[in-house]
Amino acid sequence: MSVHQDPAGQDTELFTEVVSQDFLKFSFRSSSSYSDQLQRAVAKTGQGSAVVVKVRTLKTGQEVVVMTHNFAFMGGSLGCAEGEKLVRGFEHAKKHRLPVVIMCKSGGARMQEGTLSLMQMAKVSVAVGRHRDAGLPFITILLDPTYGGVSASYAMQSDVRISIQKARIGFAGPAVILNTMYEMDQAKYDSECPADFQSAQFLEKHGQLDIVLPLLKGPEMDASIDDTLANVFTVLMGGKQVRSGSTPAPAQPSTTSGQDYTKSRSISRPQAQDVISTVFTNFTELEGDGRVGSDRCIRGGFAMFEGIRCVVVATCKGHTPSKMKEANYGMPSPPGYRKALRLMQLAERFSLPVVTFVDTCGALPSFAAEEVGQSEAIATNLVAMAMLKTPIVTVVLGEGGSGGALGLGMGDRIAMMSSAYYGVISPEGAASILGRYKNDEDKAKQFPEDCRSLATAQHIYASQLKELGVIDEIIWEVDGKELETHKSFPLIQKDIRSFILRSLEELTPMEDDQLVDSRYGKFRGMGVFGTSGLCGPLDTTVPDSPMAASPIGTAAGGAKVTYDMEPSPVAPKITPPTAPPAEKPKPKPVAPECKLLRKVAEETVCGERSAHKGAWPFKDGLPPVAKDAFEEELPKVPRCEEYAKKILDTKGPEELAKWVRKQDRVLITDTSMRDAHQSLLATRVRTTDLMDCAKEASRVMGGQTGAFSFEMWGGATFDVAYRFLHECPWKRLREMREAMPDICFQMLVRGANAVGYKSYPDNTIAEFCRLAAENGMDIFRIFDCFNDVAQMKVCIDAVRKAKKVAEVCICFTGDFLRPEEKIYTLEYYKNLARDVVAAGAHMIGLKDMAGLLKPSAAEPLMKALREGAGSDIPIHFHTHATSSISLATVLSMADAGCDVVDTCIASIADGTSQPSLNAFLADLETANSPKYPQIPYLSLERLDTFWARIRSLYSPFESGMLSGTARVYDHQIPGGQYSNLLVQCKSMGLAARWGEVCDMYRDVNRLFGDIVKVTPSSKCVGDLALYLVQRQMTAEDVRTRGHLIDFPQSSIDLMAGRLGFPHRGFPEDIQKIILKGVQPITKGTRPGDSLPADDFEKVKAQLEDKLKRKVEATEVISSLLYPKVFDDFLDYIEEHSVDVTNLPSDVFWYGMTVGQKMEVVSNELKGNAAVTLKRVGPLVNGAIREVTFAVSVTGKDALPPIVYKIPDASAEGANTGPMADAENPCEIGSPMSGTIENLLVAEGDKLEKGTKIAVVGAMKMEVDATAPFPSTVKKVLIKKGSKVEESSLLVVLEKL
């Protein structure tokens, strides 16, 4: 800083005798002792401590005690000597009535002096307090750096805090934060560190610095600091001021303008910042509330007015869009009000009058403002102004909006511009509450008039408020003043200056207590009220309000009422006036209860992929509507004379097989509607979307000789429809059959497992096939997960009996081209083909689940199959594109004589799906191949667009596989399982370990003896792989620690033979480890042989008793195949309505966003409903959101808004309970993360070793928790449906 030699020679250092000492004899390891460090510091600086104390004189002549940290002396750190010198400096300043400046530049308290260095913070603080009590100013200048104990004590205790741009300031340094909070994780620290952290700019933005000076060089920097100090001390030093005089008031205007509150909002009006810059001099603005925030709406600081030192506080708006935005459009926030409070408190301490300017539509109405106490900030200001022992002069320049204006407006004298307004609510706000309008057109016309009327009715204008005693003077904007703008307003400026000066002349001579009493009387006397207890017409005449009103109010009729009255001991008898008879209100329409919309509300608020919460994948809005791809009506492609569906329906399956074999061309099956979306989208595509596709698919491929079938049912589509889509798969089959009448439908059926994951009784398999055929199925692709023909025989016979096509599968695995392949050889496939034909197959399906067949293997494999099956039976090839070579394989199979191949629409092809139908057709068409199916590839473009949009809509279910991988030849995961396994993996928190899961899948397969992997055997491999990875175990651990493992139920079922047996059986050692004494089914017998027949009539009666209605045969069979899943489906439909299936898929999966519209057919609303989500309310009581829909039903009267209160259960059901103690065998923990599917015990139950305690499920995997020894259940900590983590405590046992 720039200083000048004091004439008395006081520009000398004080207290040089105080020096640092090594009183602790401190040293640490190999570093220098503290004593040595002190000696070096003294030699380097010529000082005995890090603080220098001097009395200096500013250029204004003001003497100042200046204390400076010397960073060269041990980093300017605070030790005992430094604390002593600082305290002596404050004491010297107090004794001589001098202000203090401390130049802070320090690393903090000095650790070499232990706790006593910490105590220096307290020691200096008591000195700061004494100096403050003496009414003397204290300024700190925080230089680079200022950290630790210095920043956390006197550096931040000053009246005014000044710093320099880019100075580093804070309590804990970056290195301390990095080490303590981030454990030296530099990347995480860097990603979370705020911009400009701990810089002067950062602290100014967060309200902790008052002034940040630009960084200048040498003398320029000194001059800048010197000028700032001079301005501040000029105002703060001098004591109480009395301004005497009798400045005349302006003459009353010759005319007054009409009242129009909208003029107060003109952007060209003079605003507070304009008035400050023209009416005041030497304005030094202070930033921030001194704690945590800043606000560019409320601005203030020290200034000079006509020779009077004062504090100015104002609400500012700005004249340009950027300035208006910077000032929150003239709406103050809590930091702004707290900044004003701090300035008023400084004004009181230094006996400075306060001038406030008000121009705000109201306090900032924001979440952030409410979070940090908007009400408290305004309320605190009101009581502070009420008791402030210094004059307050207020000018309402423009808008005086509600409590936001009053927060600065409690002046001893209040003036108001004649075009301003001052009210409890804006006219627009009042009209929006009180106005009633027929429609938008009526509102547009009437609303402005209502606003004007209400402005007058509420008495918000200056002339009205002066009459009511709210303001003292009007500053008229007439006689040319109304033409002035913020660029030049000399007449208005003159009147404002006159009002302030006259007010200060009247107020400054008053004693402190007199000021406070006068202010009390002024505001105590405001109000008009009655005293009879009845509301009726009142005489609102208000007596002239003196400048210092008496402590009385005005009652009706002008009667004076004292405020110290005791209440009357006897209440007066009151006779109420006779009220006119009320009109009988018309009954309001009642919003109907709609379970469907409640479900939409729940999905919107709580859904895993809620659009409202931003959890959906479409940040820029939904993708184009898929069905719009078919918006243009196109004619049907002419039907051929012969095609598969016609042959089957008219001549039967045997003739169809002959017809297929006679074709020169290769026929195609499109799997888009089943296995393609199962493989890529986890089988999640809903019926409504498939129906949108069906018409176009039928138009292009229906009745075409080259189009053999659509695969569109069976497999995982059956249980996923019930389990996740909450729709009936049978209804899907019927609706699609109606939409596509002239092409064969094809399904996948798992032999004795039907469409389930276990073996079922033979009569259930036969009944399922009968019902599928009856509801529209044509071709049954029958397979067994171990290629066991006996397991498929019941299904084959049932299909033949229904006169449908039995396409019996050979599941392909292994690699017979490799010499080391000893299990799945060409001879194996040849013999299997022979057995399949002998079992009654109309066709052979070669099912390559994982895409393992290479192009070079096509010809030898086809030769082996023909040798085994004969030349008359058609062969149908199915593969997956996981390895990226499948299109070449399909073309090679066609060349090798394969009759039918599976492909799918290009936009849902490849990856783990099937190869591209479009590309397959393009190759054969371009080559003019005799194998060409005569379906132009360009005819499929609209279907391609549709499926591309569907894939975007369902993108959260993508497998995550962005390219093919030859790794499939190693892990052999089937394409149809790949995406489902990844979804399971993600749900269990294992997404980042997907590579480990693939390796574990391979290892578990080898553990099981290298089995054929297709549903349900593939699921068993996948379940155990996930289970072992989650528990940080290896496949080898099954051999060595198997007795400690609660294996997934699917693994137990597999080893017990409940799914059948591989032709070579299971490894006996693994089988024994997993079964743990459970007796397996004898190899060579079918599970179905030992299963009793299901009683259909009994199940039907049970269902009808539960549902209280007639049930269909398809419901009976569904209940037998999936008892729990089907029951859950029925419960879901009962809770949420069958209309769930009518929801658009974007709403079904993602809920709605505010303003979004949908149309849905609703049985509950009895028609076609147009629904708009109007609002999702904020959390109430920390748990509930109100969701509001606007609903109209075609042909019905208008409905009132439908409102639901929805628990925002983002964390509801999450496990918050204790974890099992691994060292305590009586505490039984969950074997994996998931949901408690079934709780099988209660407290007090006695258990045998191995008794099931609970079933934990995750996706389709279930694992039992069992008792490890005979015991009693002492405590149960979970219930059915509870969410658990691995090792969550389930029950506590007590050994017997």
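Looking now at the nonpolar core. Within the largest apolar cluster, 223 residues are counted, with the highest numbers of intra-cluster contacts made by Met 701, Trp 713, Phe 768, Phe 780, Trp 947, Phe 1008 and Phe 1189. No other element matches the eight residues that helix α37 (residues 1017–1030) contributes to this core. Excluding anything up to four places from it in sequence, Phe 768 contacts Trp 713, Phe 718, Trp 730, Met 747, Val 749, Ala 754, Val 755, Ile 1117 and Leu 1121. Counting residues in each nonpolar core, the second largest holds 85 residues, with Ile 225, Val 232, Val 395 and Leu 408 among its members.

Taking burial as the measure, the seven residues of strand β4 (residues 100–106) include six buried ones, the bulk of the element. Two elements, strand β3 (residues 63–69) and β4, share four bridges in a ladder whose sense is parallel. Bridge pairing in β4 links Thr 68 to Met 103. Note on the crossover from β3 through helix α2 (residues 80–95) to β4: the handedness is right-handed. Where β4 meets strand β5 (residues 138–147), six bridges bridge the pair, whose relative direction is parallel. Residue pairing for β5: Val 101 is matched across the bridge by Ile 139. Considered for its hand, the β-α-β crossover made up of β4, helix α3 (residues 114–133) and β5 is right-handed.

What follows concerns the side chain of Thr 45. Assignment of secondary structure puts Thr 45 in helix α1 (residues 34–45). Within the structure, Thr 45 has its side chain in polar contact with the backbone oxygen of Ala 41 (distance 2.8 Å). Polar contacts involving the side chain of Thr 45 include one to the main-chain amide nitrogen of Gln 47, which spans 3.1 Å. Dropping the residues within four chain positions of it, Thr 45 is found in contact with Asn 70, Ala 72 and Phe 73.

Turning next to the sheet that holds strand β39 (residues 1289–1295). Here four strands make up an open sheet; going across it, the order is β32-β39-β37-β34 and the pairing antiparallel. The strands lining the two open edges of the sheet, one partner per strand, are β32 (1227–1229) and β34 (1246–1247). The sheet contact formed by β34 and strand β37 (residues 1271–1276) spans two bridges and is antiparallel. Within β37, the residue paired with Lys 1246 across the bridge is Thr 1272.

Negative charge collects at one region of the surface, where Glu 348, Glu 511, Asp 512, Asp 513 and Asp 517 lie side by side. At three residues, helix α19 (residues 512–524) tops the list of elements feeding residues into the negative patch. Relative to the helices and strands, Asp 517 is located in helix α19.

The rules behind the values
- Residues numbered from 1 in each chain as written.
- Predicted model: local features only at pLDDT ≥ 70, side-chain atom pairs only at ≥ 80, totals over all residues.
- Heavy atoms only, no water.
- Core = buried A, V, L, I, M, F, W, Y, C linked by side-chain atoms within 4.5 Å.
- Buried < 20%, exposed > 50% of the residue type's maximum accessible area, 1.4 Å probe, protein only.
- Helix = DSSP H or I, 4+ residues; strand = E, 2+ residues; numbered from the N terminus.
- Contact = heavy atoms within 4.5 Å.
- Pairing = 2+ DSSP bridges.
- Right-handed = clockwise from strand over helix to strand, strands pointing away.
- Polar contact = N/O pair within 3.5 Å; in protein donor to acceptor, adjacent residues only side chain to side chain.
- Patch = residues over 30% accessible without salt bridge, like charges linked within 9 Å, V, L, I, M, F, W, Y side chains within 5 Å.
- Areas by Shrake-Rupley, 256 points an atom, 1.4 Å probe, with all protein chains shown as cover.
- Salt bridge = Lys/Arg side-chain N within 4 Å of Asp/Glu carboxyl O.
- Lys, Arg positive; Asp, Glu negative; His and termini not counted.
- Charge placed at Lys NZ, Arg CZ, Asp CG, Glu CD.

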